[in-house]
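# Structure assessment
These are the residues of each chain, in order.
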Amino acid sequence: MIEKIPLRNTESYRKNLADPDKNWASWLVPTGWATTGKVITSIEHHGGQLSKTLLEYLPGIVAEGKRRASQYLEQLEGRNRVSLQTRELVIPSKDVSDDDLFRQLRRNEVEHDHPNRLIYGDNLLAMAALLAGDSERPSMRGQLDLIYIDPPFDSKADYRTTITLPGATIDQKPTVLEQFAYSDTWSDGTASYLAMMAPRLMLMKELLSDTGSIYVHLDWHVAHYVKILLDEIFGRSAFLNEIVWKRSPFAGSSKARSKKYPVNHDVIFVYAKSSMYHFRHQYEEYSDAYKLRFKYKDANGFYRKTLLKTYSAATEKRLKVEDRWIDPIKAGAYPSYKQYLHESKGKQIEDVWEDDLDTEEVDFDDNVWEDVNSANPMAKERVGYATQKPELLLERIIKASCPEGGLVADFFSGSGTTAAVAERLGRRWIVSDLGKPSVMITRKRLIDQDARPFLYEAIGDYQVEQAKSVLGRKFRVGELAQVVLRLFGAVPLPPEISQGGALGRIPDEKALVIATSPNAQVTGSTLRRAQQARLSVMGGFDKVYVLGWNFADSIGHDIEALNDDKLEVLVIPPDLLDRIGKKSDLVKLADEVRFSTLQYLSANVVSRVKSGIGETITVNLNNYVLLSPDAINLNDKNREQLLEVMNNEPLALLEYWAVDPDYDGQVFRSVWQDYRGNTQNDGDELRVVTKAEVNVPLKPAARRICIRAVDVFGYESEVIIENVEVDS
């Protein structure tokens with residue numbers, strides 16, 4: 001296979017690719033340089049193209065992957081190491097119509113050192129953070145017993161999410177952040193995909209224990225190339241199996257099958273970290289046809305006669321004592337023994353798994369798993385996720401390669417099947433995904449399953465890590481602030497006034513613009529300083545804009561409390577750094593970038609009353625204001641439908657909300673949750689309930705109550721209500 005990807009100024013590109021501190025921002029590099037870390041798969045030379053096969057570039061792909069992985073490993077002890085931020089401690093207790101008192105507190109809270117963890121964000125950063133550890137939890141290096149991954153392997157896959165709202169069905173394209181991740185993965189074809197996988201597989205190897213193993217689920221698009229990567233990273237001797245999974249009885253349209261054999265299977269490569277890997281054979285029940293072979297019966301049950309071609313005197317003696325010895329039927333023949341059906345474990349699972357469970361007359365191939373169905377669209381386990389894998393598939397893998405109580409990880413978690421099955425089987429788990437729909441579905445699925453408490457985490461200082469990736473590891477915040485100002489349409493103020501490059505002005509209106517740092521939160525104090533700057537800088541301005549990357553959870557209420565029409569707070573698009581890395585023309589980029597208003601939730605505590613030995617807190621949702629619809633990746637028709645729902649029934653936009661009746665200001669502990677699709681309270685699949693009655697143990701002091709909501713697009717907002725006393 002030959003892939004031809006024309007690339008300009010290749011020699012300059014090579015030099016820059018080798019420099020980890022090189023500033024990759026396209027407005028700072030010479031014209032004509034490549035501005036992304038793509039792997040070269042062809043070279044322009046003397047007006048012609050010298051094509052090379054992908055195999056010839058694999059050593060370079062592996063070398064670059066090792067360099068990137070080493071970069072993260074070198075930072076594990078440093079000040080700039082990647083960290084995880086706990087967004088929520090989820091104590092599953094969904095709202096039901098017949099809720100029991102204290103149901104949500106029936107278990108201990110999360111295990112401290114090794115909690116189950118659902119992580120939102122780039123899995124490369126998530127793995128780096130797990131390897132680094134922090135003051136709360138130790139490094140996970142060498143701690144994982146099993147990794148299963150099902151990375152995207154179809155460059156033409158449709159990643160849109162269908163959102164059904166009351167009276168409207170909206171197709172949301174991936175966020176631009178997710179789109180860039182997908183386009184990076186496939187921009188130069190298979191070469192880019194392998195460049196994405198290489199450093200991730202290396203970090204996974206670091207996380208695996210010496211008894212651990214990894215299962216990599218792929219299909220025909222990339223499996224043969226990824227196998228070479230795995231051989232290079234884990235070693236050819238570490239290869240254990242190539243499992244073939246037949247997905248379904250059908251294999252595409254008749255047109256797709258008209259001139260070739262139907263394509264109807266995936267492969268799963270299995271590698272071990274060392275020769276000490278954990279493995280337990282799995283068995284399936286014999287077919288009815290096979291059971292008919294056990295046609296004899298005695299007091300101990302059904303049995304078959306099995307020939308003994310070799311045996312010792314001790315074996316003969318034991319079988320006769322057990323009344324299992326059967327003499328030869330004639331001189332010179334072999335003896336037999338009674339093999340009882342109830343003593344047989346079943347048919348040992350091999351390495352080809354077929355999808356058709358209904359076929360009784362299956363000829364079991366020695367190389368095939370033949371009994372795992374795809375997740376049926378009507379099955380109870382289905383959660384509406386396009387690439388969802390069946391629970392039986394994961395159950396078999398986890399039982400075989402993860403000891404009881406062991407730790408399973410999935411860094412492309414999709415619909416959360418790995419976490420759901422690990423939870424059910426009593427294993428601990430860590431899963432992550434870049435897609436907001438994925439983590440939202442997974443959180444709901446685990447709550448619905450009544451899982452043990454788990455952490456929902458995100459990459460700490462995500463924008464800082466993105467800036468390092470795009471601008472170089474030694475980027476300066478001031479440079480980034482000036483780019484943000486220009487994209488907003490502002491002119492940076494002179495250095496002696498500009499406080500490190502963060503201040504600008506809009507020429508056509510007397511307005512001050514403040515671009516905050518990606519490693520800082522916009523808080524109430526930030527807004528008060530902005531008000532002061534509006535009055536004092538350069539003789540004063542009529543208005544001040546604050547452009548923020550990250551915001552304190554209470555920022556909506558801080559804005560409301562200030563009630564200042566001369567202050568406007570806007571969100572810097574979270575995908576801006578990726579866009580900067582892709583665009584060489586800032587003028588064109590400025591036309592595309594939208595700085596949006598903040599989403600805002602309104603809620604109140606209706607009552608707090610004693611109830612038996614505890615108390616009941618009643619919370620009402622009043623209103624929800626979505627951020628600017630222009631910031632959401634929708635077509636015009638869907639945007640019109642969204643605006644109609646926003647105007648008529650704004651609370652129908654909420655996907656999930658939860659209550660922490662004792663918020664400490666650090667970790668949100670949700671002890672009550674409701675979400676769209678939970679029909680055990682009011683039977684409405686499309687709406688959350690708007691009133692929560694939370695039963696908790698009695699507390700004599702005032703409470704600080706936090707209400708957090710996530711809308712159907714994944715945007716979070718919250719309300720904090722201070723000093724809530726028991727009703728007199």
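Residues numbered from 1 in each chain as written. Predicted model: local features only at pLDDT ≥ 70, side-chain atom pairs only at ≥ 80, totals over all residues. Heavy atoms only, no water.

### Focus on the overall build of the chain
- The helix and strand inventory of the chain stands at 18 helices and 36 strands.
- Relative to its full complement of 728 residues, the chain shows a buried share of 53%.
- Of the contacts formed within the chain by residues at least 6 apart in sequence, a portion of 70% connects residues at least 24 apart.
- Summed over all atoms, the accessible surface of the chain reaches about 33,900 Å², with 48% contributed by carbon and sulfur. (Helix = DSSP H or I, 4+ residues; strand = E, 2+ residues; numbered from the N terminus. Buried < 20%, exposed > 50% of the residue type's maximum accessible area, 1.4 Å probe, protein only. Contact = heavy atoms within 4.5 Å. Areas by Shrake-Rupley, 256 points an atom, 1.4 Å probe, with all protein chains shown as cover.)

### Some details on the packing of helix 14 (residues 524-536) against helix 15 (residues 555-562)
- Close contact between helix 14 and helix 15 brings their axes to 9 Å; oriented N to C, the two are set at 35 degrees. Between helix 14 and helix 15 lies a crossing whose hand is right-handed. Residue-level contacts link Gly524, Leu527, Arg528 and Gln531 of helix 14 to Ile555, Asp558, Ile559 and Leu562 of helix 15.
- Classifying every residue of the contact of helix 14 with helix 15 by side-chain character gives 4 nonpolar, 2 polar and 2 charged. (Axes fitted to C-alpha atoms, helices over the stretch in contact; angles between N-to-C directions. Left-handed = near helix turned anticlockwise from the far one by under 90°. Nonpolar A, V, L, I, M, F, W, Y, C, P; charged D, E, K, R; others polar.)

### Brief notes about the packing of aromatic side chains
- Across all of its chains, the model carries 13 aromatic pairs by this definition.
- Cluster of aromatic residues (ring-pair linked, three or more members): Phe234, Phe239 and Tyr271.
- Seen from the ring of Tyr296, Lys305 lies directly overhead, with NZ or CZ sitting 4.6 Å from the centre.
- Over the ring of Trp325 we find Lys320, and its NZ or CZ is 5.3 Å from the ring centre. (Phe/Tyr/Trp six-rings, centres within 6.5 Å; stacked < 30°, edge-to-face > 60°. Lys NZ or Arg CZ within 6 Å of the ring centre and 35° of its normal.)

### Description of the sheet that holds strand 36 (residues 716-724)
- Taken in spatial order, the 4 strands line up as 33-31-35-36 in an open sheet, and their pairing is antiparallel. A single partner strand is all that each edge strand has here, and the edge strands are strand 33 (672-675) and strand 36. Sheet twist, expressed as the mean angle between neighbouring strand axes with direction ignored, is 10 degrees.
- Of the strand pairs in this sheet, strand 31 (residues 654-660) and strand 33 are connected by 4 bridges, and their pairing is antiparallel. Residue pairing in the sheet places Ala658 in a bridge with Gln673 of strand 33. (Pairing = 2+ DSSP bridges.)

### Focus: the pairing of strand 15 (residues 336-340)
- Counting buried positions along strand 15 gives 4 out of 5 residues, so the element sits mostly inside the fold.
- Where strand 13 (residues 301-307) meets strand 15, 5 bridges bridge the pair, whose relative direction is antiparallel. Each bridged residue has a counterpart across the sheet, and for Tyr303 the counterpart in strand 15 is Tyr340.
- With 2 bridges connecting them, strand 14 (residues 325-326) and strand 15 associate as antiparallel partners. Opposite Trp325, over in strand 15, you have Tyr337 as the bridge partner.

### Looking at the pattern of salt bridges
- Applying the stated rule across the entire model yields 35 salt bridges.
- One connected set of salt bridges, linked through shared partners, spans Glu391, Glu395, Lys399, Arg424 and Arg445. (Salt bridge = Lys/Arg side-chain N within 4 Å of Asp/Glu carboxyl O.)

### Things to note about the pairing of strand 18 (residues 407-410)
- Neither face of strand 18 is open: one carries Leu407 and Ala409, the other Val408 and Asp410, and all of them are buried.
- Pairing of strand 5 (residues 144-149) with strand 18, which is carried by 2 bridges, proceeds in the parallel orientation. When the bridges of strand 18 are listed, Leu146 appears paired with Val408.
- Taken together, strand 18, helix 10 (residues 417-424) and strand 19 (residues 428-433) constitute a β-α-β crossover, and its handedness is right-handed. (Right-handed = clockwise from strand over helix to strand, strands pointing away.)

### Side note on the sheet that holds strand 22 (residues 503-506)
- Taken together, 6 strands build an open sheet; the order of strands is 21-22-23-25-27-28 and the sheet is mixed. Each edge of the open sheet is held by one strand with a lone partner, namely strand 21 (491-492) and strand 28 (596-597).
- Bridge count for strand 25 (residues 543-548) against strand 27 (residues 567-571) is 5 bridges, and the pairing is parallel. Counterpart to Gly548 in the pairing with strand 27 is Val571.

### Digging into the packing of helix 2 (residues 54-74) against helix 3 (residues 123-132)
- Interhelical geometry of helix 2 versus helix 3 gives an angle of 40 degrees and a closest axis separation of 9 Å. As far as their axial angle goes, helix 3 and helix 2 are oblique. Viewed along their axes, helix 2 and helix 3 form a crossing whose handedness is right-handed. Listed contacts from helix 3 to Arg68, Tyr72 and Leu73 of helix 2 are Leu124, Leu125, Ala128 and Leu131.
- For the contact of helix 2 with helix 3, the per-class residue count stands at 6 nonpolar, no polar and 1 charged. (Parallel < 35°, antiparallel > 145°, perpendicular 65-115°, else oblique.)

### Notes on the nonpolar core
- Residues Leu144, Leu201, Leu218 and Phe411 are the most contacted members of the largest nonpolar core, which totals 57 residues.
- Among the secondary structure elements, those contributing two or more residues to this core are helix 2, helix 3, strand 5, helix 5 (190-207), strand 8 (208-218), helix 6 (223-234), strand 10 (265-272) and strand 18.
- Among the elements that take part in this core, helix 5 stands out by supplying 11 residues, more than any other.
- Core analysis: the second largest hydrophobic core is formed by 42 residues, Ile163, Leu651, Val696 and Val712 among them. (Core = buried A, V, L, I, M, F, W, Y, C linked by side-chain atoms within 4.5 Å.)

### A short note on helix 3
- Buried residues dominate helix 3, accounting for 10 of its 10 residues.
- The complete set of buried residues in helix 3 reads Asn123, Leu124, Leu125, Ala126, Met127, Ala128, Ala129, Leu130, Leu131 and Ala132.
- Taking the backbone nitrogen of Leu124 as reference, a side-chain oxygen 2.8 Å away marks Asp122 as the first, capping residue of helix 3.
- Within two residues after helix 3, Gly133 carries a phi angle of roughly 70 degrees, on the positive side. (Polar contact = N/O pair within 3.5 Å; in protein donor to acceptor, adjacent residues only side chain to side chain.)

### Side note on helix 10
- Most of helix 10 is tucked away, with 7 of its 8 residues classed as buried.
- Turning to helix 10, its buried residues are Thr417, Thr418, Ala419, Ala420, Val421, Ala422 and Glu423.
- Residues of helix 10 that are buried sit in contact with strand 4 (116-120), strand 5, helix 9 (391-401), strand 18, strand 19 and helix 11 (436-448).
- Backbone geometry just downstream of helix 10 places Gly426 in the positive-phi region, at approximately 80 degrees.

### Here's the deal with the environment of Ala69
- Here Ala69 shows up in helix 2.
- If we ignore the near neighbours within four places in the chain, the residues touching Ala69 are Pro199, Met202 and Leu203.

### Concerning the environment of Pro328
- In this fold, Pro328 is placed in the loop between strand 14 and strand 15.
- For the pair Pro328 and Leu308, spaced 20 residues apart in sequence, the C-alpha to C-alpha distance is 9.8 Å.
- Residues within four places of Pro328 in sequence aside, it is in contact with Ala333, Tyr334 and Pro335.

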